[in-house]
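# Fold and geometry: a report
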Amino acid sequence: AQKVTQAQTEISVVEKEDVTLDCVYETRDTTYYLFWYKQPPSGELVFLIRRNSFDEQNEISGRYSWNFQKSTSSFNFTITASQVVDSAVYFCALSELDNFNKFYFGSGTKLNVKP
Amino acid sequence: DAGVIQSPRHEVTEMGQEVTLRCKPISGHDYLFWYRQTMMRGLELLIYFNNNVPIDDSGMPEDRFSAKMPNASFSTLKIQPSEPRDSAVYFCASSLVLATISYNEQFFGPGTRLTVL
């Protein structure tokens, strides 16, 4: 079974719309770490955020916000007032305490923001 | 500060040739990772090192692949002989993991796009 599921393969929005990228994870560990990465068309993978399983506070960074809900095993990512520069593939990832270097990546969600 | 540096950025080679990909991790980082990204399989961890020592190479597809880390600032991934199915983007990443595992995020290089004809 996949440990990280990103059910949305591709999303298209018009600039200034809000968009939420879903991430559902599966683990039996009580201590784990969740990540989001951005892969723009240029190809590099850019680290966006890391969350520990014991810290359920939601986080906001500018137009980006993350909603971590243990009850539903979800770590969703919202972009407010999207911009064309947000167009990229976004990956959610999980690592577990007993092997914290092994990242389980989701299949990614391609976000297209149209002007 | 410089990020992870990879070279070359693009490599085109013919089947059977040896290919060497290079990586310089972020200075001070103690973990180094090699990943492969393809449309079919997504991001796959091939091997990772801790303090220059290979820790887990279970993701290396076969004996044609080898990786070394002779010092803290340099690693290579070698494919010999290369095959068309090795065509992919190869990423190197590094991280600094404190004892408390307060930070284990991995920082990725720009990748090497390998095409084997």
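First, a word on what this report is: a plain description of the structure on this page.

Criteria and cut-off values
- Residues numbered from 1 in each chain as written.
- Chains lettered and ligands numbered in written order.
- Predicted model: local features only at pLDDT ≥ 70, side-chain atom pairs only at ≥ 80, totals over all residues.
- Heavy atoms only, no water.
- Salt bridge = Lys/Arg side-chain N within 4 Å of Asp/Glu carboxyl O.
- Pairing = 2+ DSSP bridges.
- Helix = DSSP H or I, 4+ residues; strand = E, 2+ residues; numbered from the N terminus.
- Axes fitted to C-alpha atoms, helices over the stretch in contact; angles between N-to-C directions.
- Contact = heavy atoms within 4.5 Å.
- Buried area = accessible area lost by both parts, 1.4 Å probe.
- Polar contact = N/O pair within 3.5 Å; in protein donor to acceptor, adjacent residues only side chain to side chain.
- Nonpolar A, V, L, I, M, F, W, Y, C, P; charged D, E, K, R; others polar.
- Disulfide = S-S within 2.5 Å.
- Buried < 20%, exposed > 50% of the residue type's maximum accessible area, 1.4 Å probe, protein only.

### Focus on the pattern of salt bridges
When the charged atoms of two side chains with opposite charge come close together, those side chains can pair. Residues and elements named next belong to chain B. According to the stated counting rule, one finds 13 salt bridges over all chains in the structure shown. One salt bridge in this structure joins E44 and R41, with 2.7 Å as the shortest N-O distance. Of the charged contacts, one joins E83 and R85 as a salt bridge, the two residues approaching to 2.6 Å between their closest N and O atoms. Taken together, the salt bridges that share partners define one network made up of E62, R64, E83, R85 and D86.

### Some remarks on the sheet that holds strand β3 (residues 19-24) of chain B
All names here are of chain B. The four strands are arranged β1-β3-β8-β7 in an open sheet whose pairing can be described as antiparallel. Across the chains shown, the open sheet's two edge strands, defined by having one partner strand only, are β1 (5-7) and β7 (65-71). Neighbour to neighbour, the strand axes of the sheet diverge by 15° on average, direction disregarded. As judged from the five bridges shared by β7 and strand β8 (residues 74-79), these two strands associate in the antiparallel manner. Across the sheet, the residue bridging to K68 is T76, located in β8.

### Quick notes on the interface of chain A and chain B
The interface of chain A with chain B comprises 18 residues on the first partner and 21 residues on the second. Here chain A packs against chain B, burying approximately 1,600 Å² in sum over the two surfaces, 57% of which is carbon and sulfur. Inspection of the chain A/chain B interface yields one salt bridge. A salt bridge links B:E105 to A:R50; its shortest N-O distance comes to 3.5 Å. For the pair chain A and chain B, the number of links is seven residue pairs in polar contact (both at pLDDT 80 or more). Grouping the constituent residues of the side of chain A that touches chain B by class yields ten nonpolar, six polar and two charged.

### Observations concerning the state of the cysteines
In the structure shown here, the tally under the stated rule is two disulfides over all chains. Here A:C23 is linked by a disulfide to A:C92, with a sulfur-sulfur distance of 1.9 Å. Sign of the S-S torsion, about -65° for the bond between A:C23 and A:C92, identifies this disulfide as left-handed. Of this pair, A:C23 sits in the loop between β3 (19-21) and β4 (24-25) while A:C92 sits in strand β10 (residues 88-96), placing them 69 residues apart in sequence. The pair A:C23 / A:C92 is uniform in exposure class, with both members buried. Disulfide pairing is shown between B:C23 and B:C92; the S-S distance is 1.9 Å. Handedness here is read from the sign of the S-S torsion; for B:C23 and B:C92, about -70°, the answer is left-handed.

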